[in-house]
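# Chain and residue survey
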Amino acid sequence: MNEPQLKKGIQSWPERERPRELLLSQGAQRLSDAQLVAILLRIGRPDSSAVDVALDLLTRLKGLRGLANRSLQELCVVPGIGPAKAAQILAAVELGKRALAIPLTAGLRIHHSQDIYQHYYPLLRDLRHEVFKALLLDAKHGLIRDVTVSEGSLTVSIVHPREVFNLAVRESAAAVIFVHNHPSGDPQPSEEDHALTRRLMAAGEILGIRVLDHIVIGDGRYVSFADEGFLVSPATTLDL
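In this report, we go over the structure that sits alongside the text. None of these values were measured; they are calculated from a predicted model. (Residues numbered from 1 in each chain as written. Predicted model: local features only at pLDDT ≥ 70, side-chain atom pairs only at ≥ 80, totals over all residues. Heavy atoms only, no water.)

On to the packing of helix 5 (residues 83-100) against helix 6 (residues 113-124). As a packed pair, helix 5 and helix 6 sit with axes 8 Å apart at the nearest point and diverge in direction by 165 degrees. Considered as vectors, helix 5 and helix 6 are oriented roughly antiparallel to each other. As for how helix 5 packs across helix 6, the hand of that crossing is right-handed. Taking contact as the criterion, the partners of Lys97, Arg98 and Leu100 in helix 5 are, on helix 6, Gln118, Pro122 and Leu123. (Axes fitted to C-alpha atoms, helices over the stretch in contact; angles between N-to-C directions. Helix = DSSP H or I, 4+ residues; strand = E, 2+ residues; numbered from the N terminus. Parallel < 35°, antiparallel > 145°, perpendicular 65-115°, else oblique. Left-handed = near helix turned anticlockwise from the far one by under 90°. Contact = heavy atoms within 4.5 Å.)

See below:
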């Protein structure tokens, strides 16, 4: 005689053990990582509950931090996770990053490199490629807006002064601050970073747009060219 098939779905669990009911009765902080992810997934797969699928996902990605830098395609490799569930996870991760980022609003005056780091660190720290951003500032160093200039590979981001300063001129910016991340986690500027900064400063001098800083973000720390005294007046001979 065949044994009855065991139901593994969360709906077969006692209510007091279901992740959503636990969250409602005890608060989100009492749930495990897998239980929280299971709430996002809502349902599991035929042979496993949503918690089982969440555990599988977190094991493969080595914890919650592994969710932060994965593509939709990478998440969908896990059995039981399709495009819809992967999109829900990515949306939750992005909301978490934005919640941690200190807002940079138009008109905000930039006073210190730490202010910029605290905004961009949650957004850039887990990326596996370099992103180069420019903050466009008015004459009083108030933020006009920030723009993404380039997104590169694991080791290099291609940035041309013409692209950067075309944006600055269109927005009537008086000054700029540059920000980019190092996927390696080490924010120490490379020789390429120094060379690029010199080229950007030279372009800015020609156009009358000051380069106030270049901030490199790593894992839990950053380097500010201005704070470190790396910003020196370059020769202004430059092929734009």
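Tallied over the entire structure, the rule returns 11 salt bridges. Arginine 45 serves as the salt-bridge partner of aspartate 56, at 3.4 Å between the closest nitrogen and oxygen. Within this pair, whereas aspartate 56 is found in helix 3 (residues 50-61), its partner arginine 45 is found in the loop between helix 2 (33-41) and helix 3, the two being separated by 11 residues in sequence. A salt bridge links arginine 60 to aspartate 56, with the nearest nitrogen and oxygen atoms 2.9 Å apart. Taken together, the positions of arginine 60 and aspartate 56, both in helix 3 and four residues apart, correspond to about one turn of that helix. Each of Arg45, Asp47, Asp56 and Arg60 takes part in salt bridges that share partners, so that together they form one network. (Salt bridge = Lys/Arg side-chain N within 4 Å of Asp/Glu carboxyl O.)

A few words now on helix 6. The α-helix winds at 3.6 residues per turn, so residues separated by three or four positions along the chain end up facing the same way. Spanning 12 residues, helix 6 covers 15 Å between terminal C-alpha atoms, matching the ideal 16 Å at 1.5 Å per step. All of the buried residues in helix 6 are Ser113, Ile116, Tyr117, His119, Tyr120, Tyr121, Pro122 and Leu124. Summarising the contacts, the buried residues of helix 6 are in contact with helix 5, strand 1 (131-137), strand 2 (143-151), strand 3 (175-181), strand 4 (210-217) and strand 5 (222-224). (Expected span 1.5 Å × (residues − 1). Buried < 20%, exposed > 50% of the residue type's maximum accessible area, 1.4 Å probe, protein only.)

Before going further, it helps to examine the sheet that holds strand 5. A sheet is described by the order of its strands in space; here five strands give the open sequence 2-1-3-4-5, paired in mixed fashion. Two strands in the sheet have a free side with no partner beyond their single neighbour: strand 2 and strand 5. When strand polarity is set aside, the average angle formed by the axes of neighbouring strands in this sheet is 20 degrees. Direction of pairing for strand 1 relative to strand 2: antiparallel, over a ladder of seven bridges. Pairing of leucine 135 across the sheet is with aspartate 146, part of strand 2. Lying on the sheet, helix 6 is in contact with strand 1, strand 2, strand 3, strand 4 and strand 5; it crosses strand 4 at an angle near 45 degrees. (Pairing = 2+ DSSP bridges.)

Let us now look at the environment of alanine 34. Within the fold, alanine 34 resides in helix 2. The class for alanine 34 is buried, based on a relative accessible area of 6%. In this structure, the C-alpha to C-alpha distance between alanine 34 and glycine 63, residues 29 residues apart in sequence, is 9.3 Å. Those residues in contact with alanine 34, other than ones at most four positions away along the chain, are Val51, Ala54, Leu55 and Leu58.

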